[in-house]
Amino acid sequence: MAILMLLGLKVIPAAIITFLTVVSIYIIIAVTSNKRRLSLLDEKCDPEEFLAATEKQKQVMKKEDPKIEAYLDINRAVAFISMGRFDEAKKILLLIDKEALSHKNGSLFAYTVNLIVCYYELGEIDSAEELFETQMPVLPPVNKRMELFAKILVAERLFFLKRYGESREHFERLLNEKKLSKRSRLEILYRLAQMDELDGNAEAAFKKYKKIADYGNKLWIAEKAREKCGNMPVNQVY
């Protein structure tokens, strides 16, 4: 502001320009920081580091905005889901104040999708189905990323309902999506590998498990894939 005034601007225009500049810089820093934090999970496949970064961010924003706190709690739940700790993720989600969630910014959509995932993974199929059938039709995704998550959820639902042929069709189409993160792509491969096993195709399953094991870092599916690769007899695979 002082520099602008030295250049001849009056106080009010200089103040407005300074304010807008500061706000713009703050937004850019916040968006960049959030993308970097999300990439720890989506690209680095490290839910532990992602959880630590989210906990740190939550401490910084503590009690500053209930909506941001709810968003970060959803992120914490996603971290636990990615570690295979579904019961802990469900507890976090159920403690979130739903009044802080919104249709408009997609937070209610993200909350619902992740809670449904927890129910399916924990074998609570009836709870998952009730939530899917009552909430998903009235919670349209607000951006392309959430559209992808909705498609993945549909494929997951079909898998847990043991409609494997339909599930496979959905998952295989999803692999052609250009915007898939590394984590989502590996999670899709994991389901396809499971269905390969169910079909008795050990070779196809092994190839997928090997890729997940090599690139999945600390995801729970990577740990399971490593176990699968170690337990598959060579003569079953080749």
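Scroll up a little and you will see the structure.
Residues numbered from 1 in each chain as written. Predicted model: local features only at pLDDT ≥ 70, side-chain atom pairs only at ≥ 80, totals over all residues. Heavy atoms only, no water.

Considerations on the environment of R37
In plain terms, the rule: Here a strand is any run of E in DSSP of at least two residues, a helix any run of H or I of at least four, and the numbering for each starts at the N terminus. Burial here depends on accessible area, computed with a 1.4 Å probe over protein chains only, as a share of the maximum for the residue type. Under 20% is buried, over 50% is exposed, and the range in between is partly exposed. When checking whether two residues touch, look at their non-hydrogen atoms; a contact exists if any pair is within 4.5 Å. Pairs of N or O atoms are called polar contacts if they sit within 3.5 Å, as long as, within protein, a hydrogen donor faces a hydrogen acceptor (for residues adjacent in sequence, only side-chain-to-side-chain pairs).
Within the secondary structure, R37 sits in helix α2 (residues 11-42). Using a relative accessible area of 7% as the deciding quantity, one classes R37 as buried. With near-sequence residues (within four places) excluded, R37 lies in contact with F50, A53, T54, Y71, L72 and N75. For R37, the side chain forms a polar contact with the side chain of N75, separated by 2.8 Å.

Topic: the side chain of R183
Among the structural elements, R183 can be located in helix α10 (residues 182-198). By relative accessible area, R183 is classed as buried at 8%.

Quick look at the side chain of D42
With respect to the helices, strands and loops of the structure, D42 is situated in helix α2. At a separation of 3.1 Å, a polar atom in the side chain of D42 contacts the side chain of R145.

Remarks on the pattern of salt bridges
Short version of the rule: Salt bridge, as used here, is a side-chain nitrogen of Lys or Arg placed within 4 Å of a carboxyl oxygen of Asp or Glu.
For the structure on display, the rule yields 27 salt bridges. We note a salt bridge from R145 to D42, for which the minimum N-O separation is 3.1 Å. Placement of the pair is R145 in helix α8 (residues 144-160) and D42 in helix α2, with a sequence separation of 103 residues. D42 is the partner of R183 in a salt bridge, and the nearest nitrogen-oxygen pair spans 3.0 Å. Placement of the pair is R183 in helix α10 and D42 in helix α2, with a sequence separation of 141 residues. Among the ionic contacts, a cluster of salt bridges with common partners joins R168, E172, D196, D199 and K208.

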